[in-house]
Amino acid sequence: MKNAIVIIIGLLMALHLNAQKYFTRTGMTQFKASEEAFEPVEAVNKSTTAIFNTNTGQVAAQVFIAAFQFDNALMQEHFNENYMDSHQYPKAIFKGILEDFSKNKLTSDSSSFDLDGTLTIRGIEKEIHTKVYLKDENNRLYVTTNFWVKPEDFDIKIPSIVRDKIAQQIQISIAYELIEKK
Amino acid sequence: MNLLKKNKSIVIVSLLFLGIGLWSAYRYVFAAPLTTNEITAGYQGEAADFKQLVQNDFDRWHNKVIQIKGTITAIQEEGILLNQDIYCQFDDKLINVVENEVITLKGRVIGFDELLEEIKLNQCIIIQK
């Protein structure tokens, strides 16, 4: 009988631990590849799905390429068809881990953690190391970070006619508001 | 005199055409992306039927605007779940929708979400409640 209770409590704890996931369907991922003096080359994606396991510090995110919104229709079309081949590669995927993460470290002020992971765009993987800022407000986790990538890292060919108008280093910024996954 | 008059009208007409041409080119190059409302839906029907349809060929529906009718199974701040596993994101704040309500909406298919195992739509608008 005692054993049974221990097992039940153990199971309940395991279930509780499993439930420690936070997620969003509407995370904001933005990129900026503008060169000064030219038309801005930037877009916002407000449909990123991200899941964060607060027990292990593991993160996974899916960025839907077709959900990047530009101000300019022609630029959006070229981005999808010529540069990102979004029909063939509809998603960019990030998988990584926050080093030494513990949910106890979070407060309503931002704390920083090292993020190590792999970003896959157009089927090509690249290691990413950056700092992530996290805060916990009313059991909502606010995550922000930014890092730089190069088009050639993902074999994205930029025609010489527009080469000067697109930055060599592209800034990617994210801002996700994660809620507990029940 | 007559010749000059004739030439003048030719010049005016040419300038007019040139102006229209430049204006159209400008509009084409700098146009904003079309909204969901402005795009004709490539599929119209029941959400459940659409789910069956995409299972066979998801690529065909990638980045296409569709209009589907289904039951709201969950409501969130920026979107709803239709028939449990079609997530529909709205640009505007959601108002006056309730769970278990049957609605028709139009939105853009942005992909299949493998993390949450749902079909994902964005820029949704409500067509009928």
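Above this text you will find the structure in question.
Just so you know, these numbers come straight off a predicted model, no measurement behind them.

Asks: Please explain the overall build of chain A as it appears in this structure.
Replies: Looking only at helices and strands, one finds 2 helices and 9 strands in chain A. Reading chain A from its N end, one meets helices and strands in the order α-β-β-β-β-α-β-β-β-β-β. Expressed as lengths along the three principal axes of its C-alpha atoms, the size of chain A is roughly 75 × 35 × 25 Å. Residue burial in chain A is summarised as follows: out of 182 residues, 29% are buried.

Asks: Honestly, the interface of chain A and chain B in this entry has me stumped. Any pointers?
Replies: Interface size is often expressed as the accessible area that is lost when the parts come together. Across the contact, 21 residues belong to chain A and 21 residues belong to chain B. Here the side of chain A that touches chain B is composed, by residue class, of 9 nonpolar, 9 polar and 3 charged.

Asks: Sorry if this is basic, but what is going on with the nonpolar core here?
Replies: As a rule of thumb, nonpolar side chains are buried together in soluble globular proteins. With 55 residues, the main nonpolar core has Leu178 of chain A together with Ile86, Cys88 and Leu121 of chain B as its most contacted residues. Of all the elements, strand S9 (residues 166–180) of chain A adds the most residues to this core, at 5 residues. Contacts of Ile86 of chain B, omitting those with residues within four sequence positions, involve Ala47, Lys51, Gly70, Leu81, Glu118, Ile119 and Leu121 of chain B.

Asks: What exactly am I supposed to notice about unusual backbone geometry here?
Replies: Among all residues except glycine, the phi angle is most often negative; among peptide bonds, the trans geometry is most common. Residues and elements named next belong to chain B. Its identity is not glycine, yet Asn83 carries a phi of approximately 45°, on the positive side. In this fold, Asn83 is placed in the loop between strand S3 (79–82) and strand S4 (86–90). Of note in the backbone geometry, Gln84 takes a positive phi value of approximately 75° without being a glycine. Relative to the helices and strands, Gln84 is located in the loop between S3 and S4.

Asks: Help me understand the environment of Leu74 of chain A in this model?
Replies: Residue position: Leu74 of chain A is located in helix H2 (residues 73–83). The partly exposed category is assigned to Leu74 of chain A, around which 13 C-beta atoms lie within 10 Å. For the pair Leu74 of chain A and Arg122 of chain A, spaced 48 residues apart in sequence, the C-alpha to C-alpha distance is 21 Å. In this structure Leu74 of chain A touches Val29 and Ala31 of chain B, once residues within four positions along its chain are discounted.

Asks: I keep staring at the pairing of strand S7 (residues 124–137) of chain A and nothing clicks. Help me out?
Replies: Each regular strand displays side chains that alternate between the two surfaces of the sheet. Residue and element names in this part refer to chain A. Pairing of strand S6 (residues 111–121) with S7 involves 11 bridges; the strand directions are antiparallel. Within S7, the residue paired with Ser112 across the bridge is Tyr133. Taking the residues that link successive antiparallel strands as the turn, the S6-S7 hairpin has 2 residues, and the phi of Arg122 there is positive, at about 55°. Taken together, the 6 bridges between S7 and strand S8 (residues 140–149) define a ladder with antiparallel strand orientation. Looking at S8, one finds that Glu137 is bridged to Arg140. The antiparallel hairpin formed by S7 and S8 contains 2 residues in its connecting segment, where Asn138 sits at a positive phi of about 50°.

Asks: I keep staring at the environment of Glu114 of chain B and nothing clicks. Help me out?
Replies: All names here are of chain B. You can see Glu114 is positioned in the loop between strand S5 (102–113) and strand S6 (118–128). On the basis of neighbour counts, which here come to 12 C-beta atoms within 10 Å, the residue Glu114 falls in the exposed class. Once the C-alpha coordinates of Glu114 and Leu18 are considered, the two residues, 96 residues apart in sequence, prove to be 51 Å apart.

Asks: When you look at the pairing of strand S2 (residues 65–75) of chain B in this model, what are you seeing that I'm missing?
Replies: All names here are of chain B. In this sheet, S2 lies alongside strand S1 (residues 43–46) in parallel orientation, the contact comprising 4 bridges. The partner of Glu46 across the bridge, within S2, is Lys69. The pairing of S2 with S5 spans 7 bridges and is antiparallel. Pairing of Lys69 across the sheet is with Thr104, part of S5. In this structure, S2 lies alongside S3, joined through 3 bridges in antiparallel fashion.

Rules of the game
Residues numbered from 1 in each chain as written. Chains lettered and ligands numbered in written order. Predicted model: local features only at pLDDT ≥ 70, side-chain atom pairs only at ≥ 80, totals over all residues. Helix = DSSP H or I, 4+ residues; strand = E, 2+ residues; numbered from the N terminus. Buried ≥ 20, exposed ≤ 12 C-beta atoms within 10 Å, placed from the backbone. Contact = placed C-beta atoms within 7 Å. Nonpolar A, V, L, I, M, F, W, Y, C, P; charged D, E, K, R; others polar. Core = buried A, V, L, I, M, F, W, Y, C linked by C-beta atoms within 7 Å. Pairing = 2+ DSSP bridges.

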